[in-house]
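This is what each chain is made of:
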Amino acid sequence: MSVEMRKPDRLNALTGLRAFAAVNIVLFHFSNPDWFGIFAPIVNAGYASVSFFILLSGYVLAYNYASRAREGKLDNVRFWKARFTRIYPIYLLSLILAWRNIPAEYNQHTHHMFWLAMILAPLLLQGWVPEIATFLNTPAWTMSAEWFFYLIFPWLARWKSPNRALPIVVRLLLIWLIGLIPGTLYILFSPDHLAHVDRYSEGPWLQALKDTPIPHLASFVFGVTIAGLDELIPREAPKRFFLGLFGFAFIFFLLWLGPGVPYAIIHDGLLMPFFGCIILALSGQNVLSRILGWRPFVFVGESSYCLYLLHFNFWNLIHDTHILDRLGIARLDPWISYVTLIALALVALHFIEKPAQKILRRWMGASEPREKPAEQSVELRIPPP
């Protein structure tokens, strides 16, 4: 039986998990982690969800395109056009909705950097300059990374995957160790001379570590590589379930340790193998995949890209307009805001993102050849499907 035939029609559990990852990023930016009791370490480390999205992006692309690329059947230009039509409409909307931030950005940067950012941001290139990586819309830096990963993916996908698990595991171990190098070097040399580094710390070298593409490349490559391991494990294999339990448990343990684990390596790098275990579990058929594949989770998960990229815009819109006060429901904040953010993300998905994709695809001739249902369901476009 071919690998193509063994793939399930949809990977709903990964879409469901995307919902939780995107919501966790919202809570990370706009909540007090102490509100969440036992889950406080997870919310406090919401930045890790971005690393998960990047790794998942590599996995999903390889899941859908790797075999085609290895056979020389992947049209690179068509692939890039299709990826562009997926990510750019909402990305552009996020920049437009952030127009009120332009005066603050102008005052914060030198004139040279401000105008450089104004040019690079619409081109998906601002993430390559640490000082302006988070220009206008903080989460949008990831799209510089994601677009770069899309550009190199066709060559990564041609990397022949061994037909045995051990060589793939060795590759994954090497990629993991390489991914730990940037954070480890930061810890050893402390270039920003900070006495303590955590989620609130600032420094030019730390910003480069967090918000530029190269330090996150290993996570994407790890995701591409683990797709080869996925092909070798039967969907019904009990080991997938236990891999998932191990992944969830160990991530929680590391996050629970808090300051005991250096921020520079847990921000991106350290959690790769455990994210990989979870992805392998949720790509199978087991209790974990059935739980996270529950229809309401999948429904919200499909809007995770919109929620991730637009949550700053929508949060500012809700609170700058004082709409909650006018409606007399401000006492329900921030919980009512969280629900509203999800609702607005769903509106953006169905009334802006999808129609804009269709228009762009017709205009660019970027229709994809009979896209698999699995890709429609789980592709990450960031954080990014």
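Within each chain, residues carry numbers counting from 1 in the order of the written sequence. Reporting in this predicted model follows two pLDDT cut-offs: at least 70 for local features of residues, and 80 or more for side-chain atom pairs to be given and counted; totals over whole chains, interfaces and linings ignore these cut-offs and use all residues. Working from all heavy atoms in the structure, the side-chain values ignore hydrogens and water.

Helical segments are the DSSP runs of H or I of at least four residues, strand segments are the runs of E of at least two, and each set is numbered from the N terminus. Along its length, the protein carries 20 helices and zero strands. Each radius of gyration reported is based on C-alpha atoms, and the globular scaling rule is 2.2 Å times the count of residues to the power 0.38. The globule rule puts the C-alpha radius of gyration for 385 residues at 21 Å, and the 20 Å found for the protein is close to it. When its C-alpha atoms are laid out on the principal axes, the protein stretches across 60 × 50 × 45 Å. Expressed as a percentage of the 385 residues in the protein, the buried residues total 55%. For the protein, the exposed surface amounts to about 17700 Å²; the carbon and sulfur share of it is 68%. Taken as two groups, the 32 positive and 25 negative side-chain charges of the protein have centres that lie 10 Å from each other. Here the term buried applies to any residue with accessible area under 20% of the maximum for its type, exposed to any over 50%, and partly exposed to those in between, with areas from a 1.4 Å probe on protein chains only. All accessible-area figures derive from a Shrake-Rupley calculation using a 1.4 Å probe, and residue coverage is judged against the displayed protein chains alone. The charged-residue count follows a simple rule in which Lys and Arg add positive charge and Asp and Glu add negative charge, with His and chain termini not counted at all. We put the charge of a Lys on NZ, of an Arg on CZ, of an Asp on CG and of a Glu on CD.

Once that is clear, we can look at the nonpolar core. Buried Ala, Val, Leu, Ile, Met, Phe, Trp, Tyr and Cys residues that are joined via side-chain atoms within 4.5 Å together make up what is termed a nonpolar core. In this structure, Y59, Y91 and F153 are the most contacted members of the largest nonpolar core, which totals 112 residues. For this core, the leading source of residues is helix α4 (residues 48-70), giving 15 residues. Two residues form a contact once any of their heavy atoms are found within 4.5 Å. Setting aside residues no more than four positions away along its own chain, F153 makes contact with L61, A62, Y65, L74, F79, F220 and V224.

Further remarks concern the environment of T85. Mapped onto the elements, T85 comes out in helix α5 (residues 76-97). Linking T85 and I25, residues 60 residues apart in sequence, is a C-alpha distance of 24 Å. Aside from chain neighbours lying at most four places away, what touches T85 is Q357, L360, R361, M364 and A366. In this structure the side chain of T85 is engaged in a polar contact, spanning 2.8 Å, whose partner is the backbone oxygen of A82. A polar side-chain atom of T85 sits 3.3 Å from a polar atom in the side chain of R361. Residues adjacent in sequence count toward polar contacts only when both atoms are side-chain atoms; beyond that, a polar contact is any pair of N or O atoms within 3.5 Å, and within protein one must be able to donate a hydrogen and the other to accept it.

Moving on: the pattern of salt bridges. Every case where a carboxyl oxygen of Asp or Glu lies within 4 Å of a side-chain nitrogen of Lys or Arg is listed as a salt bridge. If you walk through the whole model with that rule in mind, you get five salt bridges. For K73, the salt bridge goes to E71, with nearest N and O atoms at 3.5 Å. Across this residue pair, the class does not change: K73 and E71 are exposed. Residues D230 and R235 are paired through a salt bridge, measuring 2.8 Å at the closest nitrogen-oxygen approach. By the burial criterion, D230 is buried, and R235 matches it. Salt bridges sharing partners connect three or more residues here, namely D230, R235 and R240.

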